[in-house]
Amino acid sequence: MPKINVVKADDSPVIKGNPAPLVDIRDLVVEFKTERSLVHALNGVNLQIKQGESLGLVGEAGAGKTTTALGILNLMSPQAAKVKDGDIRYSGKSVFQMSNRELLEMRGGKVSMIFQNPLTSLNPVFTVGEQIAVLLRKHMKMNRRQAMIEASKLLEMVGISGTRVNDYPHQFSGGMRQRVGIAAALACRPELLIADEPTTALDVTIQAQILELMKELQKDFNMAILFITHDLGVVAKMCDRVAVMYLGKIVESADASEIYANPQHPYTRGLIGSVHKIGSKKEERLFSIEGTVPLAMNLPKACGFYDRCDVRVEGLCNRAEPELVEIAPGHKIACFNCPHEACREQRARVEASLAGKSASTPEKDASDTAGRQKDTVKSIPGNKEDGRK
């Protein structure tokens, strides 16, 4: 595959090994106001992305992954979205306090995003070459001729003939439009690439080429990648660290090797157990997590995974939310029913607090909330009750 050949905006070397995080998300709470009620999209997200690393953000639809990504670029609708608490810092500065000029410099130049829907991410009235060239002209200081030549090369790198640089988005298939979006996102060699389901619309062969291209660029330019996907196989191939998201919160985070070898949260074990493994028996059924992600409206003060978990603790998980605690260097989990010391200490503190509240003011059990599922759920792989490893 040909390598990218883009003229640098400056010849300053890339500084590697910076210990400070490139992106630092702290206690982020985001709500969306609808006609019916308030949607709690993010409920205290804590996440860090370091320069040059790949972070996989996984979870079911509705977990809050895309909202987190849009928050980094400050692209959430100001009419609908409200940042109730927390902050997102990029290179030490809050994105919510950046001026319009600073945001325009960051978007496309320092931070690029491959959007999930290629149909809506491209402007139908401009050619694909013009849409890539405008980024190169603004951020890489190229003239129009240089930018169009480079746009043609970028299209070829993602498997599209460079002669189609003057075609419009409607002349491409869905998968080809996705590749155009990928070419535009990679054009300026961003410090951070946000890839929101970038290979969903691609066939297997093109998917492998795109992933390999992203890894090459990451190595060459020390680029950080936030990889949002449902494909745990892609995460294992692409990512250094993994953060598992559920109902607007990070429930587990660790190095990719640690997550796959030693998943601790019941939701993480369920996700990994639902993936077909090489060498498994033909007649063996894949595991499925019962139920779906609840609607993020009028949520009770409880663990978000309570309804679907078979290791839940009645009177605790339905009355309080577990916080992320570190159970090993770099490995964090938000669960009360965990054998590690940090989890036991958190559980003891919360149980003592709940006992004090119950003594003064009896609380209604959150399990009475409408929409609770039946208590009997399937056992999640990795639990002692399940009998599997």
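So, here's what we can say about the structure. Small disclaimer: the values here were computed from a predicted structure and weren't measured.

### As for the overall build of the chain
- A count of helical and extended segments in the chain gives 11 helices and 12 strands.
- Out of the 389 residues belonging to the chain, those deemed buried represent 48%.
- Across the chain, the fraction of contacts at a sequence separation of at least 24, relative to all contacts at a separation of at least 6, is 65%.
- Looking at the chain as shown, the accessible area adds up to about 19,800 Å², and 51% of this sits on carbon and sulfur atoms.

### Points about the pairing of strand 7 (residues 192–196)
- Extensive coverage of strand 7 is indicated by the burial of 5 of its 5 residues.
- The two faces of strand 7 match: L192, I194 and D196 on one face and L193 and A195 on the other face are all buried.
- As paired elements, strand 7 and strand 8 (residues 224–228) share 5 bridges and run parallel to each other. Within strand 8, the position partnered with I194 by the bridge is L226.
- Following the chain from strand 7 across helix 7 (residues 204–221) to the adjacent parallel strand 8, one finds a crossover that is right-handed.

### Side note on the pattern of salt bridges
- All chains considered together, the criterion is met by 12 salt bridges.
- Linking E31 and K84 is a salt bridge whose minimum nitrogen-to-oxygen distance equals 3.5 Å. Highlighted residues: E31 in strand 1 (residues 21–33) and K84 in strand 4 (residues 81–90), separated in sequence by 53 residues.
- What makes E31 buried here is its relative accessible area of 7%.
- The partner of E321 in a salt bridge is K301, with the nearest N and O atoms 3.4 Å apart. Here K301 lies in the loop between helix 10 (266–273) and strand 11 (325–328) and E321 lies in the loop between helix 10 and strand 11, a separation of 20 residues in the sequence.
- Using a relative accessible area of 27% as the deciding quantity, one classes E321 as partly exposed.

### Quick look at unusual backbone geometry
- Even without a glycine there, the phi angle at D27 is positive, about 50 degrees.
- Relative to the helices and strands, D27 resides in strand 1.

### Some remarks on the packing of aromatic side chains
- In total, this model carries 3 aromatic pairs according to the counting rule given.
- Ring centres of Y246 and F305 lie 5.3 Å apart, and the angle between their planes is 85 degrees; on these two criteria the pair is classed as edge-to-face. On the criterion of sequence distance, the pair formed by Y246 in strand 9 (residues 241–246) and F305 in the loop between helix 10 and strand 11 is long-range, its members being 59 residues apart. For the pair formed by Y246 and F305, the shared burial category is buried.
- Three or more aromatic residues joined by ring pairs make a cluster, and in this case those are Y246, Y267 and F305.
- For the cation-ring pair, R164 lies above F172, with the distance from its terminal atom to the ring centre recorded as 4.1 Å.
- Positioned above the aromatic ring of F221 is the side chain of R189, whose terminal nitrogen or guanidinium carbon lies 4.8 Å from the ring centre.

### Quick look at the sheet that holds strand 8
- Pairing is mixed across the open sheet formed by 8 strands, whose spatial order is 6-7-8-3-9-10-12-11. The sheet is open, and its two borders are formed by strand 6 (111–114) and strand 11, each paired with just one other strand. Each strand of the sheet is rotated relative to its neighbour by a mean of 20 degrees, with strand direction disregarded.
- In this structure, strand 6 lies alongside strand 7, joined through 4 bridges in parallel fashion. Across the sheet, residue V111 finds its bridge partner in strand 7, namely L192.
- Packed onto the sheet, helix 1 (residues 65–72) meets strand 3 (54–58), strand 6, strand 7, strand 8 and strand 9 and runs at close to 150 degrees relative to strand 7.
- Strands in contact with helix 7 are strand 3, strand 7 and strand 8; relative to strand 8, the strand with the most contacts, it is inclined by about 150 degrees.

### Here we look at the environment of K215
- Locating K215 in the fold gives a position in helix 7.
- Along the primary structure K215 and M238 are separated by 23 residues, whereas in three dimensions their C-alpha atoms are 7.5 Å apart.
- Apart from residues no more than four positions distant in its own chain, K215 is found in contact with K237 and M238.

Analysis parameters
Counting from 1, residues in each chain are numbered in the order their sequence is written. The model is predicted, so local features are restricted to residues of pLDDT at least 70 and side-chain atom pairs to those at 80 or more, both for listing and for counting; the totals for chains, interfaces and linings are taken over all residues. Values shown for side chains rest on all heavy atoms present in the structure; no hydrogens or waters enter the calculation. Where helices and strands are cited, they refer to DSSP runs of H or I of at least four residues and of E of at least two residues respectively, numbered from the N terminus. For every residue, the accessible area (1.4 Å probe, protein chains only) is compared with the maximum for its type, and the residue is labelled buried under 20%, exposed over 50%, or partly exposed between those bounds. What makes two residues a contact is simply this: any of their non-hydrogen atoms within 4.5 Å. Accessible areas in this description were obtained via Shrake-Rupley with a 1.4 Å probe; residue shielding takes into account the shown protein chains only. One bridge is not enough; two strands pair if DSSP finds at least two bridges between them. By convention, a crossover is right-handed whenever its connection, traced from the first strand over the helix to the second and viewed with the strands pointing away, goes clockwise. Put simply, a salt bridge is a Lys or Arg side-chain nitrogen that is within 4 Å of an Asp or Glu carboxyl oxygen. Only the six-membered ring of Trp is used, alongside the rings of Phe and Tyr, when aromatic pairs are assigned; centres must lie within 6.5 Å, and planes under 30 degrees apart are stacked while those over 60 apart are edge-to-face, with the rest tilted. A ring is scored as having a charge over it whenever the NZ atom of a lysine or the CZ atom of an arginine sits within 6 Å of its centre and within 35 degrees of its normal. Only the stretch in contact is used when fitting a helix axis, every axis being a line fitted to C-alpha atoms; angles between N-to-C directions are given from 0 to 180 degrees.

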